[in-house]
Amino acid sequence: MPHPAPSHPTTRVLAMLELLQANPRMGGAELARRLGVDERTVRRYAARLDDLGVPVVAERGRYGGYRLMPGYKLPPLMLTDDEATAVVLGLLAGRRVGLPGQATESALAKVQRVLPAALRDRVQALRDTLGFTLAARDSAAPDTGAVLTLAAAAREQRRVRIRYRSWQGAETERDLDPYGLVFHSGRWYVTGHDHRSGEIRTFRVDRVAAAEPGTARFEIPDDVDPVQHVTRSLARVPYTHEVEVLLETTLAEARRRIPATTATLTEAAGGVVMTTRAERLDGMARMLAGVGFPFVIRRPEELRGHVRDLAQALREQAAR
C-alpha cells in the first residue's frame, strides 16, 4: 500500500530512509511509487542520504534497486539535558493520565539507561520524590495499535471495523466512521458515525478489542465537533434519575462551576436550566448545595426531600 506522499522534500528523504530500513532492498520504481515522485528524484534522494552519512547502495541492472549498507544502524538519538528531562517528565505524567499500553514504562526505562550518570541520578531523584494528586489510570490505557489505527482512519476519513466490548462485557462488531479522538479525564474516546446504530456515537478506546481499516471513505459533517460531542455524551450517561434544575445565575458563571461532562446548561428566563442524570439523589443534593447558586427544582420531585434532609443535617452540625 503506497505511503501518502510527504509534502516537503526533506520529509520525502526521511520517508525513503524509513522504507529502506524496513525492506532489505527496494526497486527504484517501487520507491518512486511509494514516495509519489519519479525515479530520477529517487536517485537524487539516495545521493542526499549519502551526503548525510547514510550509506545507500544503488544496484544497477534488471533486478537492481536500493538498499542500506549491510550492518548500518542509525546513530542513537541525542538529547540535551533539558530535552531528556522534558521527555522523562512527559512520560511520568503520561503514565498517570492514561498514555496507551505498556510503551510508557519501556520508553522511560530506555531513556534513563542512556542518560549520562550525573543526569540519570538527578532524574531518578525526581522520580523518587515527585507526587501526583491524580490517581493513576492504568486500567483505562488503550491498546497503542487501536489508537494509531483510529487516528489514521480519522485523518484519512476511512471507515474502520471495530470489535467493541461494552461496560457489561458484551462484544459487538460495528463499522465506524471515526471523526476524531478525544482525551478526557484520563480516558481516550473516539467519536464518529456508528453504522450499527445509525447515529453519532462515542466509544471508549480502551474497550476497543480490535480495529481494522477498511476501504470505504466518508465525509465529516461541517457541524461536528468531536470534543463537544464527547463531553455532551458523557453528560447524558443513562443513570437512574433525570434531573432538571433552574439555577439563578448567568450561563458564564454556571459554566465556570459545572463541567460540560456533568450536565447540559441552557440559558432560560430567570437563569440557566441544568439538565443531568444522577444515580443517587442525595449526591445530587450535595452537588447543588456546593455550586453556590440559588436554585429551583423542576424534577424529580423526590429531590426536594433529599435537599431538605441535607439542610437538616447541616443545621444539626452547626448546632454542635
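Remember, predicted model here, so these are calculated numbers, not experimental data.

Criteria and thresholds
- Residues numbered from 1 in each chain as written.
- Predicted model: local features only at pLDDT ≥ 70, side-chain atom pairs only at ≥ 80, totals over all residues.
- Heavy atoms only, no water.
- Pairing = 2+ DSSP bridges.
- Helix = DSSP H or I, 4+ residues; strand = E, 2+ residues; numbered from the N terminus.
- Axes fitted to C-alpha atoms, helices over the stretch in contact; angles between N-to-C directions.
- Contact = heavy atoms within 4.5 Å.
- Parallel < 35°, antiparallel > 145°, perpendicular 65-115°, else oblique.
- Expected span 1.5 Å × (residues − 1).
- Buried < 20%, exposed > 50% of the residue type's maximum accessible area, 1.4 Å probe, protein only.
- Arc of directions from axis to C-beta.
- Patch = residues over 30% accessible without salt bridge, like charges linked within 9 Å, V, L, I, M, F, W, Y side chains within 5 Å.
- Areas by Shrake-Rupley, 256 points an atom, 1.4 Å probe, with all protein chains shown as cover.
- Salt bridge = Lys/Arg side-chain N within 4 Å of Asp/Glu carboxyl O.
- Left-handed = near helix turned anticlockwise from the far one by under 90°.
- Nonpolar A, V, L, I, M, F, W, Y, C, P; charged D, E, K, R; others polar.

Novice: Would you explain the sheet that holds strand E5 (residues 187–194) in this entry?
Specialist: Strands in a sheet are paired, the pairing made by backbone hydrogen bonds, and the direction either parallel or antiparallel. Taken in spatial order, the five strands line up as E6-E5-E4-E3-E7 in an open sheet, and their pairing is antiparallel. Whereas interior strands pair on both sides, the edge strands pair on one side only; in this sheet they are strand E6 (199–204) and strand E7 (208–217). Shown here is a sheet whose adjacent strand axes are inclined to one another by a mean of 45°, direction ignored. Its contacts with the sheet put helix H7 (residues 144–156) on strand E3 (158–165), strand E4 (171–184), E5 and E7, and the angle it makes with E4 is roughly 80°.

Novice: How should I be thinking about the packing of helix H1 (residues 9–22) against helix H3 (residues 39–51) in this particular structure?
Specialist: For the pair H1 and H3, the least separation of the axes is 10 Å and the interaxial angle reads 80°. With respect to their mutual orientation, H1 and H3 come out roughly perpendicular. Every residue of H3 that contacts H1 at Pro9, Arg12, Val13, Met16 and Leu17 is listed here: Val42, Tyr45, Ala46, Arg48 and Leu49.

Novice: What is the right way to read H7 from this model?
Specialist: The periodicity of an α-helix, 3.6 residues per turn, causes residues three or four positions apart to be oriented the same way. The terminal C-alpha atoms of H7, which comprises 13 residues, lie 18 Å apart, in line with the 18 Å expected from a rise of 1.5 Å per residue. Within H7, the full set of buried residues consists of Ala146, Val147, Leu150, Ala153 and Ala154. The buried residues of H7 occupy one face: seen down the axis, they fall within an arc of 140°. Exposed and facing more than 90 degrees away from the buried side of H7 are Leu148 and Arg155. Each element contacted by the buried residues of H7 is listed here: E3, E4, E5 and E7. At the C-terminal side of H7, glutamine 157 shows a positive phi close to 55°.

Novice: Teacher, can you tell me more about a nonpolar patch on the surface here?
Specialist: Taken together, the side chains of Leu89, Leu130 and Phe132 present a nonpolar region at the surface, about 230 Å² in accessible area. Among the secondary structure elements, phenylalanine 132 is positioned in the loop between helix H6 (117–129) and H7. Residue class for phenylalanine 132 comes out partly exposed when judged on its relative accessible area of 34%.

Novice: Hey, could you run me through the packing of helix H10 (residues 281–291) against helix H11 (residues 302–319) in this one?
Specialist: When two helices pack together, you describe them by how their axes are tilted relative to each other and by the distance separating the axes. Axis separation between H10 and H11 bottoms out at 9 Å; the angle between their running directions is 65°. Helix-helix and strand crossings are classified by hand; for H10 and H11 the assignment is right-handed. Contact residues: Leu281, Asp282, Met284, Ala285, Arg286, Leu288 and Ala289 in H10; Glu302, Leu303, His306, Val307 and Leu310 in H11. Class assignment for the residues of the contact of H10 with H11 results in eight nonpolar, one polar and three charged.

Novice: How should the sheet that holds strand E11 (residues 295–299) be read in this particular structure?
Specialist: Across the sheet, four strands lie side by side as E9-E10-E8-E11; this open sheet has antiparallel pairing. The open sheet has two edge strands with one neighbour each: strand E9 (264–268) and E11. Pairs of neighbouring strands in the sheet enclose a mean axial angle of 25°, with direction left out of account. For strand E8 (residues 241–247) and E11, the ladder comprises four bridges, and the chain directions are antiparallel. Along E11, the bridge assignment pairs valine 245 with isoleucine 297. Strand contacts of H10: E8, strand E10 (271–278) and E11, with the helix running at about 150° to E10, the strand carrying the most contacts. Along the sheet face, H11 touches E8 and E11 and points at about 140° away from the line of E11.

Novice: So what exactly am I meant to see when it comes to the pattern of salt bridges here?
Specialist: If charged atoms from side chains of opposite charge come close, those side chains can pair. Under the definition given, this model contains 18 salt bridges. Here glutamate 242 ties to arginine 277 by a salt bridge, and the two come within 2.9 Å at their closest N and O atoms. Residue glutamate 242 is located in strand E8, and its partner arginine 277 is located in strand E10; the two are separated by 35 residues in the primary sequence. Note on glutamate 242: relative accessible area 40%, which makes it partly exposed. The residue arginine 304 makes a salt bridge to glutamate 301 at a minimum N-O spacing of 2.9 Å. Residue class for glutamate 301 comes out exposed when judged on its relative accessible area of 53%. Members of the salt-bridge network, linked through shared partners, are Glu242, Glu244, Arg277, Arg298 and Arg299.

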